Structure formats: structure tokens, C-alpha cells
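Below, each chain spelled out in residue letters.
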Amino acid sequence: MPLLITALITANRPAFATTAPTTQWLLPASLFRLLVVGSIIGLVVATLVIVLIWLKELRQGQVW
Amino acid sequence: MTDAPLLDAGIAWFLLVAFSVLWIALGVWWGKRGKGDADDYLLAGRNIGLALSTATLMASWVTGNTTLAAPEVGYTLGLWGMLGYALAGLGLFLFAPLAIRIKRLMPTARTSGDFVRLRYGRVCWAVFLLITMAYTLGFLITQGMGAGLLLQALSGFDYRLGMVSVIGVSTTYTLFGGMRGVVGTDFIQSLLIMALLVLVAVLGYGRISVDEVYGALAAEHPSRLNMLLPAGLLFAWNTGLFSMGEVFHNNIWWSRVFASRPSVVFRSFILGGLAWTTVPIVTGAIALMALATNLEVPQVNMVFPLITAQLLGSGGAIVVFIIIFASLTSTLDSLLAASADLIAEDVVAHWLRPGISDAQIRQAARLVVVGLGLLTMLLSWQYFTSMYQLLLFTGALVASTIWPIAMGLYWPQANRQAATAAMVLGSITGLLAYGLVAPYCAALVSAAVSAGVMGLGSHWNPERFEWRLLADR
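Summarised in this report is the structure supplied together with it. (Residues numbered from 1 in each chain as written. Chains lettered and ligands numbered in written order. Predicted model: local features only at pLDDT ≥ 70, side-chain atom pairs only at ≥ 80, totals over all residues. Heavy atoms only, no water.)

### Considering the overall build of chain A
Working step 1: The secondary structure content of chain A amounts to two helices and zero strands.
Working step 2: For chain A, the proportion of its 64 residues judged to be buried stands at 42%.
Working step 3: Here chain A has roughly 3,400 Å² of accessible surface; of this, 68% comes from carbon and sulfur atoms. (Helix = DSSP H or I, 4+ residues; strand = E, 2+ residues; numbered from the N terminus. Buried < 20%, exposed > 50% of the residue type's maximum accessible area, 1.4 Å probe, protein only. Areas by Shrake-Rupley, 256 points an atom, 1.4 Å probe, with all protein chains shown as cover.)

### So, helix α11 (residues 230-249) of chain B
Working step 1: In this model α11 of chain B runs 29 Å from its N-terminal to its C-terminal C-alpha over 20 residues, within 8% of the 28 Å that 1.5 Å per residue would give.
Working step 2: For α11 of chain B, the buried fraction is high: 15 of the 20 residues fall into the buried class. (Expected span 1.5 Å × (residues − 1).)

### Things to note about the interface of chain B and chain A
Working step 1: Taken together, the 86 residues of chain B in the interface contact 46 residues of chain A.
Working step 2: Linking chain B with chain A are two salt bridges.
Working step 3: The partner of E57 of chain A in a salt bridge is R261 of chain B, with the nearest N and O atoms 3.9 Å apart.
Working step 4: Applying the counting rule to chain B against chain A returns eleven residue pairs in polar contact (both at pLDDT 80 or more).
Working step 5: Per-element accounting of the side of chain B that touches chain A gives the leading share, eleven residues, to helix α9 (residues 159-207) of chain B.
Working step 6: Of the residues assigned to the side of chain B that touches chain A, the class counts are 59 nonpolar, 20 polar and seven charged. (Contact = heavy atoms within 4.5 Å. Salt bridge = Lys/Arg side-chain N within 4 Å of Asp/Glu carboxyl O. Polar contact = N/O pair within 3.5 Å; in protein donor to acceptor, adjacent residues only side chain to side chain. Nonpolar A, V, L, I, M, F, W, Y, C, P; charged D, E, K, R; others polar.)

### Examining the nonpolar core
Working step 1: F32 of chain A together with F95, M106, V213, W253, F269 and F321 of chain B are the most contacted members of the largest nonpolar core, which totals 189 residues.
Working step 2: Looking at which element gives the most residues to this core, the answer is helix α14 (residues 303-352) of chain B, with 28 residues.
Working step 3: Beyond its immediate sequence surroundings of up to four residues, W253 of chain B is in contact with L57, S60, W61, L92, F95, E246, V247 and F269 of chain B. (Core = buried A, V, L, I, M, F, W, Y, C linked by side-chain atoms within 4.5 Å.)

### Quick notes on a nonpolar patch on the surface
Working step 1: On the surface, a cluster of nonpolar side chains totalling about 570 Å² of accessible area is made up of V424, L425, I428, L432, L436 and V437 of chain B.
Working step 2: Counting through the fold element by element, L425 of chain B comes out in helix α18 (residues 416-436). (Patch = residues over 30% accessible without salt bridge, like charges linked within 9 Å, V, L, I, M, F, W, Y side chains within 5 Å.)

### So, the pattern of salt bridges
Working step 1: Within this structure, the stated rule accounts for twelve salt bridges over all chains.
Working step 2: Between D211 of chain B and R33 of chain A there is a salt bridge, and its shortest N-O distance comes to 2.9 Å. You can see D211 of chain B sitting in helix α10 (residues 210-220) and its partner R33 of chain A sitting in helix α2 (residues 29-60), one on each of two chains.
Working step 3: Residue R33 of chain A is classed as partly exposed on the basis of its relative accessible area, which comes to 35%.
Working step 4: Where salt bridges share partners, they join D39, R46, R110, E345 and D358 of chain B into one cluster.

### Quick look at the packing of α2 of chain A against helix α13 (residues 265-292) of chain B
Working step 1: Closest axis-to-axis distance for the α2 of chain A/α13 of chain B pair is 8 Å, and the angle between their directions is 140°. Of the possible angle classes, the one that applies to α2 of chain A and α13 of chain B is oblique. Both α2 of chain A and α13 of chain B take part in a crossing whose hand is left-handed. Between α2 of chain A, through F32, L35, V36, S39, I40, G42, L43, A46, V49 and I53 of chain A, and α13 of chain B, the contact on the second element is made entirely by L271, A275, T278, V279, I281, V282, A285 and L288 of chain B.
Working step 2: Across the contact of α2 of chain A with α13 of chain B, the residue classes break down as 15 nonpolar, three polar and no charged. (Axes fitted to C-alpha atoms, helices over the stretch in contact; angles between N-to-C directions. Parallel < 35°, antiparallel > 145°, perpendicular 65-115°, else oblique. Left-handed = near helix turned anticlockwise from the far one by under 90°.)

### Let's talk about the packing of helix α8 (residues 122-155) of chain B against α18 of chain B
All names here are of chain B.
Working step 1: It is the contact of α8 with α18, at a shortest axis distance of 8 Å, that shows an interaxial angle of 30°. With respect to α18, the element α8 is oriented roughly parallel. Seen along the crossing, α8 lies across α18 with a hand that is left-handed. Facing α8, whose interface residues are V123, C124, V127, F128 and I131, α18 presents A419, T420, M423, V424 and S427.
Working step 2: The class makeup of the residues in the contact of α8 with α18 is eight nonpolar, two polar and no charged.

### Considering the environment of G27 of chain B
Working step 1: Inspection of the secondary structure puts G27 of chain B in helix α1 (residues 9-31).
Working step 2: The contacts of G27 of chain B, once residues within four sequence positions are left out, are Y173, F176, G177, G181 and T185 of chain B.

### Topic: the environment of V369 of chain B
Residue and element names in this part refer to chain B.
Working step 1: On the secondary structure map, V369 appears in helix α15 (residues 358-380).
Working step 2: Of the residues examined, V369 reaches a relative accessible area of 1% and is grouped as buried.
Working step 3: Spatially, the C-alpha atoms of V369 and I343 are 9.7 Å apart, while their sequence positions differ by 26 residues.

### With respect to unusual backbone geometry
Residue and element names in this part refer to chain B.
Working step 1: Positive phi, normally seen in glycine, also occurs at R46, with a value near 60°.
Working step 2: Structurally, the position occupied by R46 is in the loop between α2 (38-43) and α3 (50-61).
Working step 3: Looking at R46, the relative accessible area reads 15%, which means it is buried.

### Examining the side chain of S427 of chain B
All names here are of chain B.
Working step 1: Position of S427 relative to the elements: it lies in helix α18.
Working step 2: Of note is the side chain of S427, whose polar atom sits 2.7 Å from the backbone oxygen of M423.
Working step 3: With residues near it in sequence (within four places) discarded, S427 still touches I131, A396, L397, S400, A422 and S446.

### Things to note about α18 of chain B
Residues and elements named next belong to chain B.
Working step 1: Taking 1.5 Å of rise per residue, 21 residues should cover 30 Å, and α18 covers 30 Å from first to last C-alpha, within 8% of that figure.
Working step 2: Turning to α18, its buried residues number three or more, namely A418, A419, T420, A422, M423, G426, S427, G430, A433 and Y434.
Working step 3: Two to three positions downstream of the cap, the backbone nitrogen of Q417 sits 2.6 Å from a side-chain oxygen, assigning the N-cap of α18 to N415.

### Description of the packing of aromatic side chains
All names here are of chain B.
Working step 1: Going through the model one piece at a time under the given rule, you end up with 19 aromatic pairs over all chains.
Working step 2: Where W29 meets W30, the ring centres are 5.6 Å apart and the plane angle is 45°; that geometry is what we call tilted.
Working step 3: Between W254 and F258, the ring centres sit 6.2 Å apart and the planes meet at 50°, which makes this aromatic pair tilted. One end of the pair is W254 and the other is F258, both in helix α12 (residues 251-259) and four residues apart, which spans about a single turn.
Working step 4: An aromatic cluster is built from F95, F115, Y120, F248, W254, F258 and F269, whose rings are joined through pairwise contacts.
Working step 5: Its end group placed over the ring of W467, R101 keeps NZ or CZ at 4.8 Å from the ring centre.
Working step 6: In this arrangement the basic side chain of R119 is found over the ring face of F465, its NZ or CZ atom lying 4.2 Å from the centre. (Phe/Tyr/Trp six-rings, centres within 6.5 Å; stacked < 30°, edge-to-face > 60°. Lys NZ or Arg CZ within 6 Å of the ring centre and 35° of its normal.)

Shown next as C-alpha cells:
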């Protein structure tokens, strides 16, 4: 999505959200691990699913 | 930009030439398939299967921003930056039910403009075209400028050389391949992006573990783990809403609906959304390693290339180059093809030269692809820094189209005058909010006003729209 391409154009603008908030709830380590590992696994699965669907459609002549 | 390029100039030239030749050759090859009529050129024959449909949605939505700005917001905002950016996937998810309805109601349509013209009449259609053209032009320019700046930072290329190369390659294979070439290359580009991102993440987190990253963040940058960070929550809300406006109105997504087989439309948007959602989280997680390793990041927008090169050496820089080149070309080709369809079909065939033949529409689309490519180069020639402000401007415009599109697809009482007023008043108030309150409020105010005008106007003066009229392109 194009909304944030601008970020790389406005190269020298400062980070805009590092001021200390008044309220905090830090994500526990277990959930952080789940988020990071889960997203990587999700990306792997998504890649494989697209390839497998493509192979199936290729065999059935339904790619296009 | 960074002081020294991350990639040796010789390697960068080799990669640029190799991938340019590959995309153009594939585009030309795919363009020669099919019947060669306008439907084939504009919509790849209307029979795309699930794999290509999903991949083209994924590739079009993974822009240069997803691979650069998502890590940036992960770096600056932490978890809410990553998750907030991932909320842009909402646009694809929420469009899925609309997409299947569009496919059923308008089996022969070609553009989003066809819907607005047939559903709401020519006045609303003209307003809609103005809005979508303003957005498209802003999107094209930012991708062009992004290409120049990124290739400059990664490989030391002159800004204009990088910008012209990326736009030129995308324009060339879109011109010869049409939508078939775009969808085919999108398939390879999306797989390349996904596989290489997995490679970077796995190798990166092999060097420094998830627990080490968490420990460093908790000790030195706890705000990045704070799930109640106000700026992060605001960012997430704005991103989700903006993405809905972008997807609901833009012909990139409508053209995918018309190009896909009816049986795969719904599933492809859901699957594409799910696949896309993982990308900003993975790239953001990669950026968090920069914080954990105390990597010096002179410019936060370059955090992804910097940490990748730091962890994986010159091989990492090569991978980043390929990911970003694929991201930029896959977005530019989709924009060029979908905008050419819109201009050829709506402006030329339904406005300037009604009654022109299918072959003439196809020829018009080809001319528009070249014209848009050249216009994008021209407008991106001089790099300027106010694009951020310009794009937030377009947020006010596109958010005003969300409710007229959604209500118009499901509610026969949705009124054409209300739809026109909703787009105009939503845009005006959104722009006022942008200037008088805060740029982040633009999309929110625009969508809220547009919803109110659309709902009340249609309630007070309901229309009795007959859905069968949409089938008549």
C-alpha cells in the first residue's frame, strides 16, 4: 500500500513515537516469540500454498 | 541516503540488467498468448486461476513501502508499527465479499468506473474519476521516486537512472504483455519476494535469537514492546481505514476481480490478504534486530537494507536489491495496467470517443500505458520531499469513496445524488481536517462524513435501483 512510501522519501524526519507513554503493557516474551516465529511460518505456508495451488492448476490446465 | 552504497556497482548493474531482461521477456512472451482482443489485453482473458489471482493481489499490495517503510515503523514504533502496518491487509479481506458480488452483478464490466457510471450516473462518475486519478498519480510518482532513491542508496546509481530504469522496465513489459504479462510476472515476483524474505528472516534470527532480541528490547527499548503506545494505536487505525479506501475504489483491485474466474475471486482476496499480512510483520521483526544489535541507522527508512547487509554481508545486500526491485516493478506494472484500462475504457470509450471498436480500445490502452510511464518519469524527475503530505491528502479523497462503493453494491436505495455529495463533502471535510486538525485525521473524517451523507441522503430520498442494469456495460 502506498501510504508509507513517503517515509523513505522524507528520509531525515525524526522517529515520531519514541516518547515515553504514560500507560504501558509490554508484550510477554512468549507472545513476542509467537508473533515473530508465527509470522515467518505464516509466510512460508503462504508461499507453499500458492505454489501447490499453481501446481494443481497447472496439472488441470486451469492456470489461465 | 546512506553514505556508501551497500552493493558493489558491478553486481548492481548485473542484477538490474538481468531482472529487467527477465521481466520484459516474460511480459512479451505472456502477451503473445490468448486471443489478442481487448478483454485479453485489459483483463488477461477473464479466466485467471486461484494461484495467479492470489499472487497478483499479493505482489500488487507489496510495494516498495511494505519492504522499507514497514520495517521503519517496526523500528520506530515497535510492535504496533508492525501490526498496524499489517492492518492494511484489512482492505483485501473486506473487499473479498464485495469482489464476488461485483463479479456476479457485472460479468462483462472492465473497470471500477463502469460500476460508478452505471450505478450512480455520469456526474458521480466524473467526481470518482477525478479522485481515483489524483490518487493513482500520487501512487505512481511515489513509486517512481522511491525507485530512484532506493537504487541510489543500495547501489550508488544516479537517482534519475534508477528511477527511469524501474519505470521504463515496468512500462515496457506492461505495454507488450498487457494484463496477462502483469499477472504472470506478478506471480514470479511475489514468490521471489516471499521466499527471499523468509530466507532473510530465518538467517537473521539464526544469528541473533528471538529471545535475545526480546531481552534487548525489554531492557533498552521497552516502548517498542508496549501494546498501549498511543502513536502506534493511532497509526494502526489510520492504516486500516486508508487501506479500505485504497482497495475499495482503485481499479487495480477491480481489474483483478474482472480478470479472475468467478470461482476463485473470493478465495483469492482472502488468501492474498492472509499472505500479505505476514510480510510487514516479518520485515518489522527483521528491523527489530537492528535495535537489539544497536546497529547505527543514520536514516530509519533504510533500516531493512542496513540490518540485512549487516547480518548477511554482500549476499544480504543482493537479496534486498532483488526484493525491492521486484516489489517496485510489481506495483508499477499493476498501476500502469489498471490505470490504462480505466482511462481507455472510461475516458476514451465512454466519454471522448463513444462507440469505438474493441481493437481501438486495446490500442488506446497501449498508448495510455506509454503515456503514463512517461508522465511518471517526468513528474518524478525532480525529487521533492513533500510527497508525504501529498499522499495524506489522497487519504482524504479515497476514504470518501468507501461508503458509496460498499452501499452501492448492496443497497438498492443508495442514491446517486447522495453518492456524489458523499464523495465531494467527504473529500472537502477530509482535506479541511488534514489542514486544520492533523494529517492523520483526514481519512477518518472523510470516511465519517461520507458515511453520514450517503446514509442520510439515501434514507431521505431512496432510489429504486435495478441490479440488472449493472450487467449492461
